[in-house]
Structure formats: structure tokens, C-alpha cells
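# Structural overview for review
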Amino acid sequence: SLPPGAENLHDIPSGGASAAAMSHALGSLRDPILRWARSQPSPPAALLSDFFLGWTQGLAADLGIPRLVFYSSRALLASLFDQLWVRRVVDRDDIIRSSVSSVVSMPEIPGSPSFPYGHLPSLYLRYREGVPEWEFMKEGMVANPLSWGAVLNTFRGLEGAHLDHLMRERGHRRVWAVGPLLPAAPSSTQRGGQSSVPPADVMAWLDARPGEGSVVYICFGSQFVPSPEQGAAIAAALERSGVSFVWCMKDTSSLEAAGGEGERGQMVVVPEGFRERTAGRGVVIEGWAPQVAILRHAAVGAFVTHCGWNSVLEGIAAGVVLLAWPMEADQFVNARLLVEETGVAVRVCEGPGSSPDPDEFVRILKSSASRPGKDPGLDRVRARAAELGRQARDAVGEGGTSSSDLEGLIRELSCLSVCGPTSEEQVGDHAVGRLETPNGGMEGGGASQIPTP
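Keep in mind the model is a prediction, meaning the values are calculated, not measured. Residue numbers run consecutively from 1 along every chain, following the written order of its sequence. Owing to the predicted nature of the model, reporting of local features is limited to residues with pLDDT of at least 70; listing and counting of side-chain atom pairs is limited to 80 or more, with chain, interface and lining totals taken over all residues. Here the side-chain values reflect all heavy atoms present in the structure, with hydrogen atoms and water set aside.

### Some words on the pairing of strand β7 (residues 215-219)
- Throughout, exposure labels follow a simple rule: accessible area from a 1.4 Å probe, protein chains only, divided by the maximum for the residue type, with under 20% read as buried, over 50% as exposed, and the rest as partly exposed. Counting from the N terminus, the helices are the DSSP runs of H or I reaching at least four residues and the strands are the DSSP runs of E reaching at least two. Across the five residues that make up β7, a large majority, five, are buried.
- The alternating pattern of β7 places V215, Y217 and C219 and V216 and I218 on opposite faces, both of which are buried.
- When DSSP finds at least two bridges between two strands, those strands are taken to pair. Strand direction decides the pairing type here: β7 and strand β8 (residues 244-249), joined by five bridges, are parallel. Bridged to V216 within β8 is F245.
- Read as a crossover between parallel neighbours, the route from β7 over helix α10 (residues 228-241) to β8 is right-handed.
- Of the pairings in the sheet, the one linking β7 to strand β12 (residues 300-305) comprises five bridges and is parallel in character. For Y217, the partnering residue across the bridge sits in β12 and is F303. With its strands directed away from the observer, a crossover is right-handed exactly when the path from the first strand over the helix to the second travels clockwise.

See below:
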């Protein structure tokens, strides 16, 4: 269940259980939305909702309108969920009885990928049969492939084969890749929440850096908080490497950590004295940071990331080297794409309870923030990152694949009230309804135009 007052996934602990509880709670909106839609003189012609809200498939059916599912994640994840939830290609009980380190193969997916069982999406791994919230989530995941259309935050240059596969599996071509969905011209002060360092100060500090690509940015997203041990490992590597850095983390002032004898106190991620010892060459931010603006700044050359999909796309679009440290959810799957398939990332560690090899982490930090020519391996990664960044920007530019898909989606939706649907579903008259998961996603409503960083 959700804690009192929780209205956003940022307000509750990370993990699949939180998403299941939130989706179950949002399901109580079905009847009010149904009454509202039926009371409108110009009712919705279609419903666009997040893939966590699969229950809206039934809502759309009750309204007699098509539903489009929005995947804030990659196309491969959509196919993985179809395989896991609908086709049930994995015998969970058998794996748990044998070994959770068993390798799971997906021969029907392009490239026939294989994953250690523990690297499958957390939303699937944490499912508990018979628990109401989880059964509700499962029903929604099974309903998603039945949607009239799918909209994805990805682009064809990154996932063309997986998008084509999704069309074949869904049995239609109403699959639109419209990403990366990023603000066109990010301002350091227009978005976000509370921060220990004013965004304008962060950008001014970056402006004063002497070398292009000399700063490493470290952030593990808005939900995951490194353990004190992981914080100590990051701090030690930053000190030893001597690189300039911006290190952002979730505000820990309200979080507790167990003491040595079971006592509880405030969680301390950044070791005492670290800020003073690195003053002048680093910034530590607790709370929100202008991540898109930071990554696009010329001074930033590398990004230590948990490989959450929003962060992945923001890093790719900026053309920076990604230093992958996946923790949970879809992050292991994303890290595989970055490191093994596209070659735009270097893996530094993996797992929520692990820390990187100290010497290797220092070496990677130094190389990623150094001038080209000093590390041939990093130079190849840097070149691939720059090229993929160009493809991402081209995709959302005029005439790009994502811009064309967005225009096609708009035409299709505009036609619904005039032409009727291209499926057996019935539609109403005019407006398009949109229902989102309160997770900070789907903020923009139009095509993104990403300038060269």
C-alpha cells in the first residue's frame, strides 16, 4: 500500500512494489474518469496512457474508443514484457527452485538475447502471485499488447529492429517511435524541485571549467540512493582520480540508515570532509539538478549513470560517454544495449549492493575526462557516443524519423473523429484524453528539437 500523502513515485521507495501499489491506487480513478468522459459534450476520441496503467485498456473499451499505450522505456522492454507476461516464456518457479543465476533466452526477439534471470526487469521479478496489487499489475501488462497503438520514447536509429519486431508481434503498424523526448531548450531554472545548490550556480561553475569534456557527471536518478559504502567508493575514486565532477543524488535528509548496533540515524552517502577536500574541482548536489542542461554543457564529457531510460536518452542525445552502473528495473537490459550493442558506454559496476573495483574505476574516470588520444579504447567509445548523439538529434529534427512518426501519430489521432478508427473499436467525437503515471515522465506535449550540445 502507499504511504499517506504519496502522489508521485518520487515520494515512495524505489522498486517494482511501489509501481504496483501506485498503479493499483490509480485504478480507483476508473469510474470517475468514465463518468467525466460520458458527461462531455465533445467526448474523447482516444485515450493515451502509460504502460504502467494497463487497466485503462478496459476503460477505453467501456468508452468505445481506441487506447494507445505509451512506453516511457525502450522498444525491447515492451517486447520483453510481452514475452514474460503474455507468452510466459519463463518458468519462474523452476528457476527459483534451481538457481536465480540461470540464463533466460529470448529467441523470438531480434538478436536472440539472453539475460541472467536476476537481470530481468524488477517489475517482473518482484511479482507475487495472489497479492491484489501485483495481480492488478499483471492484468495490466497482459492488456497492453491489446492496445490499438503504441507510442515509444525511443528512435529508429537506436532500436529499428526492435520497433519492426513490435509491429509484427502486435499485428499492425500503429507503433510510433517519437524519442528522445527532451526539452527543446533546457533552462537551468525552469524545471525541477528543491536543490542544495541553485541550478544557476551549477551552470556558472561549469562555464568556468577550462577544458572541454573534462567534467564527469554522476547521478543515479531520482529514486535510487547509493549506500554509504557505495558513496565512499565513489568519493574515494573522485579524490584519487583528480577529475572535475558534478555529483548529484536524491536528498537524503529524510532518509534513515541503521547504525552499527541497530540504532537509526540519518543516512550519510557523502563521506565527512569530502566536500572540503575537493572544493574547487567538484560540486555535490542533493536534490534536483538540471541534468539535461548539465549533460549538454561542453565541459561535461562523461556520465556515471544507473542506466534508467530517461538518463540513457539524455546522455545519448548529449553525445557524452556513458559509464554504466545498472542497479535494478530495466537498467541491466539498457546497459547491455549501451555497452555491448552500441558501444557508447563502459561498464564500471552492476548491482544495487556492489561497488566498482577501486583502481579500475579511477582509471576509467581519468580516461573519460582526458583529452582524446590518451586512451584508444575510450576514444572509440567517445566517437561512437558522438555519432549516436548526432543520430538522436537528427531523429527529432525536421524530417527526422521521430518527427515524422510524431506527425503521423497526430494525423492518425486527428482522423479518428472524421474517418473513424482503423480497427474494430468505436470512437467518440473530438478530444484526446491522456492519463499518465505520476513519475515525472511524459512532460512534453510536442516534438523535441535537440540542439547540438
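### Here's the deal with the layout of surface pockets
- Size it by volume and the second largest pocket reaches roughly 460 Å³.
- As for the second largest pocket, its lining consists of 23 residues, and the residues nearest its centre are E212, G213, A298, V300 and G319.
- Broken down by secondary-structure element, the contributors of at least two residues to the lining of the second largest pocket are β12 and α16 (376-396).
- Counting residues per element, the lining of the second largest pocket draws most heavily on α16, which supplies six residues.
- Three classes are used: nonpolar for Ala, Val, Leu, Ile, Met, Phe, Trp, Tyr, Cys and Pro, charged for Asp, Glu, Lys and Arg, and polar for all others, with Gly counted as polar. Residues belonging to the lining of the second largest pocket are distributed by class as follows: nine nonpolar, eight polar and six charged. Residues are said to line a cavity or pocket when one of their atoms sits within 4 Å of a point; the points come from a 1 Å grid over protein atoms alone, cavities being sets where a 1.4 Å probe fits but cannot get out and pockets being open sets with protein on both sides within 12 Å along at least five of seven lines. Grid points are joined across faces, edges and corners, and a volume is the space filled by probe spheres set on the points.

### Remarks on the side chain of H297
- The residue H297 is located in the loop between α12 (291-296) and β12 in this model.
- Whether two residues are in contact is decided by their heavy atoms, any of which lying within 4.5 Å being enough. Those residues in contact with H297, other than ones at most four positions away along the chain, are M203, L206 and D207.

### Here's the deal with helix α13 (residues 309-318)
- Where burial is concerned, most of α13 is hidden: nine out of the 10 residues are buried.
- Looking only at α13, the buried set comprises W309, S311, V312, L313, E314, G315, I316, A317 and A318.
- The secondary structure elements touched by the buried residues of α13 are α8 (156-170), α12, β12, β13 (321-324), α14 (331-341) and α16.
- Phi for G319, located one or two positions after α13, is positive at around 75 degrees.

### Section: the nonpolar core
- Among buried residues, those of type Ala, Val, Leu, Ile, Met, Phe, Trp, Tyr and Cys that are joined through side-chain atoms within 4.5 Å constitute a nonpolar core. Grouped together as the largest cluster of nonpolar side chains are 41 residues, with contacts concentrated most on L206, Y217, V246, I294 and I316.
- Residue contributions to this core peak at six residues, all from α13.
- If we ignore the near neighbours within four places in the chain, the residues touching I316 are F155, L158, L322, L338, A385, L388, G389 and A392.

### What about the packing of aromatic side chains?
- To pair, rings of Phe, Tyr and Trp, with the six-membered ring standing in for Trp, must have centres within 6.5 Å; the planes then decide the type, stacked if under 30 degrees apart, edge-to-face if over 60, and tilted in the middle. Counting across every chain of the model gives 13 aromatic pairs.
- Relative to W325, the ring of F220 has its centre 5.2 Å away and its plane inclined at 85 degrees; by these criteria the two rings are edge-to-face. Of this pair, F220 sits in the loop between β7 and α10 while W325 is found in the loop between β13 and α14, placing the two residues 105 residues apart along the sequence. Accessibility classification places F220 together with W325 in one group, the buried group.
- Here W247 and F274 contribute two aromatic rings whose centre-to-centre distance is 5.8 Å and whose plane-to-plane angle is 80 degrees, an arrangement assigned as edge-to-face. On the criterion of sequence distance, the pair formed by W247 in strand β8 and F274 in helix α11 (residues 274-277) is long-range, its members being 27 residues apart. Of the two residues, W247 and F274, both sit in the buried class.
- Here, a charge over a ring is recorded when the distance from Lys NZ or Arg CZ to the ring centre is within 6 Å and its angle to the ring normal is within 35 degrees. Of note, R209 hangs over the ring of W205, and the distance from its end group to the ring centre comes to 4.0 Å.

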